[in-house]
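# Residue-level structural notes
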Amino acid sequence: MLGCAVEASKGSKHISIMCVELAAGRGVRRSRIWQEINLTNLRINMKTRTVKVGRNDPCPCGSGLKYKKCCLSIGMPPNRDIEALYSKKYGIRLKKERDIEAIRKAGRLVLETLDLVESKIRPGLVTEEINTLVHDFTLKNGATPAPLNYRGFPKSVCVSANEVICHGIPGNRVLNDGDIVNIDVTSILNGYYADANKTFFVGTPDADATKIVSIARECLKRAMSVIKPGHTLGDIGWSIQMYAEAQGCSVVREFVGHGVGFDFHEAPQIPHFGNKGAGITLIPGMIFTVEPMINLGKKELRVLDDNWTAVTKDGSLSAQFEQTVLVTEDGCESLTPYQL
Ligand code: MF3
Ligand code: CO
Ligand code: CO
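Now for a description of the structure that goes with this document. (Residues numbered from 1 in each chain as written. Chains lettered and ligands numbered in written order. Predicted model: local features only at pLDDT ≥ 70, side-chain atom pairs only at ≥ 80, totals over all residues. Heavy atoms only, no water.)

### A look at the sheet that holds strand 15 (residues 310-312)
In plain terms, the rule: Strand pairing is assigned whenever DSSP identifies at least 2 bridges connecting the two strands. Strands here mean DSSP runs of E at least two residues long; helices mean DSSP runs of H or I at least four residues long; both are numbered from the N terminus. Orientation is described by lines fitted to C-alpha atoms, with helices fitted over the stretch in contact, and by angles between N-to-C directions that extend from 0 to 180 degrees.
Read from one edge of the open sheet, three strands run 6-15-14, paired in antiparallel fashion. The sheet is open, and its two borders are formed by strand 6 (164-166) and strand 14 (301-303), each paired with just one other strand. Neighbour to neighbour, the strand axes of the sheet diverge by 40° on average, direction disregarded.

What follows is the structure, encoded as structure tokens:
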């Protein structure tokens, strides 16, 4: 059992929070100071943001303790300094209403782009043609394709077929009947980023293709159902891993979801595996992607000599679905919404 004690001497600029461990039968043992709050900074950074936090919810400071065992017990209101704390402690930039609206707009363009690509997918299509489609459509709509020249990525969209997990570079690969292909679109509109992807069937899928695509889709659906204030990043990863592995599939570890909106990849990272209740507590205003990559076989991958294309080591099929998600007061809203 864990409890908290607070120490602050008069005139002190710090509060030290001690963690005490109550070991059964052995009395109280003090453990290390696990958090110091700098009062000077708190005053300087004082900003308000309304967040509803119940006594039994995880503390918004990210300690992993219940609010009543943490900041409530030291008299800290839950709705102050959250923005400064998340920025300082995790590098997370919370979004305001005007940002959210702009990302929603970028998200709408991303979805229209995915719809356009879907309408053209057929056996015989060359992946380079998908790049041209996405590139031209994005520019025509006053936006910029984020992948182009991103850390040296040479194209405007990622196209990942069959055993390719992610970051497939469009080129001369021809899509065949029975293939699955993931199209990952990120657009920058008025300076704001939205990021989403879907895995499509090319022609008629076989049983394996049908299975991996439906499991990957369900993983994202389940993950989104646990996104709400008070839940944690670990809850998201756990919900995906639990389901995928129960179906005999595996979850890729090397690539994760990410904060998004002001930039392509922001804090925090969103692992698609993990433990219930672990990690950062979700709060309203966070925007991040969830984009589980699920393999029909083993989780291991290798990256091709082009330094981008990630493929399953065992050659098994891999599928992925991604949306850009906003944490709201009572749950979440997809800013790239499509039916899962
Ligand atoms: N869109 C991918 C993601 O979901 C990132 C692609 S990076 C690129 O995060 F350079 F390959 F485009
Ligand atoms: Co992404
Ligand atoms: Co993406």
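### As for the site of ligand 1
Here is the rule: A single heavy atom is enough: if one lies within 4 Å of a molecule or strand, its residue is considered near that molecule or strand. Pairs of N or O atoms within 3.5 Å make up the polar contacts considered here, provided that, within protein, one atom can donate a hydrogen while the other can accept it, and that residues adjacent in sequence are counted only when both atoms are side-chain atoms. In this description, accessible areas are obtained by the Shrake-Rupley approach with a 1.4 Å probe, and a residue is regarded as covered only by the protein chains that are shown. Each residue gets one label: Ala, Val, Leu, Ile, Met, Phe, Trp, Tyr, Cys and Pro are nonpolar, Asp, Glu, Lys and Arg are charged, and the others, such as Gly, are polar.
Around ligand 1, the structure places 14 residues, and the nearest of them are Asp195, His258, His265, Glu291 and Glu322. The contact in question runs from a nitrogen atom of ligand 1 to an N or O atom on the side chain of Asp184, over 3.1 Å. Within the side chain of Thr186, one N or O atom sits 3.4 Å away from a nitrogen atom of ligand 1. The fraction of the free accessible surface of ligand 1 (340 Å²) that becomes covered by protein chains is 97%. Split by residue class, the shell around ligand 1 holds six nonpolar, four polar and four charged.

### Considerations on the pairing of strand 7 (residues 180-189)
To keep things clear, this is the line we draw: Relative accessibility under 20% of the residue-type maximum defines a buried residue, over 50% an exposed one, and the middle range a partly exposed one, all with a 1.4 Å probe and only protein chains included.
Here strand 7 lies mainly inside the structure; ten of its ten residues are buried. Where burial is concerned, the two faces of strand 7 agree: the one with Ile180, Asn182, Asp184, Thr186 and Ile188 and the one with Val181, Ile183, Val185, Ser187 and Leu189 are both buried. Note: strand 4 (residues 144-145) against strand 7, two bridges, orientation antiparallel. Each bridged residue has a counterpart across the sheet, and for Pro145 the counterpart in strand 7 is Ser187. As paired strands, strand 5 (residues 158-161) and strand 7 are joined by four bridges and run antiparallel to one another. Counterpart to Ser160 in the pairing with strand 7 is Asn182. Pairing geometry for strand 7 and strand 8 (residues 192-201), over ten bridges, is antiparallel. Along strand 8, the bridge assignment pairs Ser187 with Ala194. Between strand 7 and strand 8, which pair antiparallel and follow one another directly, the connecting turn spans two residues, one of which, Asn190, has a positive phi of 50°.

### Re the packing of helix 3 (residues 97-120) against helix 4 (residues 127-140)
So the rule is basically this: Take the far helix as the reference: if the near one is turned anticlockwise from it by less than a right angle, the crossing is left-handed, and if turned clockwise, right-handed. Note on contacts: a residue pair is in contact if any heavy atoms of the two residues lie within 4.5 Å.
Packing of helix 3 against helix 4 brings their axes to within 10 Å, and their N-to-C directions diverge by 145°. When you trace helix 3 past helix 4, the crossing you get is right-handed. Contacts from Leu109, Glu112, Thr113, Leu116, Val117 and Lys120 in helix 3 reach Ile130, Leu133, Val134 and Phe137 in helix 4. Residue composition of the contact of helix 3 with helix 4, by class: seven nonpolar, one polar and two charged.

### Let's talk about the coordination of the cobalt ion (ligand 2)
Basically, it comes down to this: Each metal site is built from N, O and S donor atoms within 2.8 Å (3.2 Å for Na, K and Ca), and since water is not included, such sites may look incomplete.
Surrounding the cobalt ion (ligand 2) are the protein donor atoms Asp195 (OD), His258 (NE2), Glu291 (OE) and Glu322 (OE), at 2.0 to 2.2 Å. Between the cobalt ion (ligand 2) and the cobalt ion (ligand 3), the interatomic distance is 3.2 Å, and Asp195 donates to each metal, bridging them. Of this pair, Asp195 sits in strand 8 while His258 is found in strand 10 (residues 257-259), placing the two residues 63 residues apart along the sequence. On the basis of relative accessible area, Asp195 is assigned to the buried category, the value being 2%.

### Notes on the environment of Ser214
Mapped onto the elements of the fold, Ser214 is located in helix 5 (residues 207-225). Its relative accessible area of 39% is what places Ser214 among the partly exposed residues. Spatially, the C-alpha atom of Ser214 lies 9.7 Å from that of Gln320, the residues being 106 residues apart in sequence.

### Considerations on the side chain of Asn295
Assignment of secondary structure puts Asn295 in strand 13 (residues 293-295). Polar side-chain contacts of Asn295 include one of 2.8 Å to the side chain of Ser318. Apart from the residues within four sequence positions on either side, Asn295 is in contact with Ile165, Ile212, Cys249, Ser250, Val252, Glu300, Thr312, Ser316, Leu317 and Ser318.

### Considering the coordination of the cobalt ion (ligand 3)
Rule in force here: When four donors show all angles between 85 and 135 degrees the site is tetrahedral, when four or six donors have opposite pairs over 155 degrees and all other angles between 65 and 115 it is square planar or octahedral respectively, and in every other case it is irregular.
Binding of the cobalt ion (ligand 3) to the protein goes through Asp184 (OD), Asp184 (OD), Asp195 (OD) and Glu322 (OE), at separations of 2.1 to 2.4 Å. Around the cobalt ion (ligand 3), the six donor atoms are arranged such that angles at the metal cover 57 to 170°; this shape is classified as irregular. Here the donor residues of the cobalt ion (ligand 3) are spaced in sequence according to D-x10-D-x126-E. The buried category is assigned to Glu322, whose relative accessible area is 0%.

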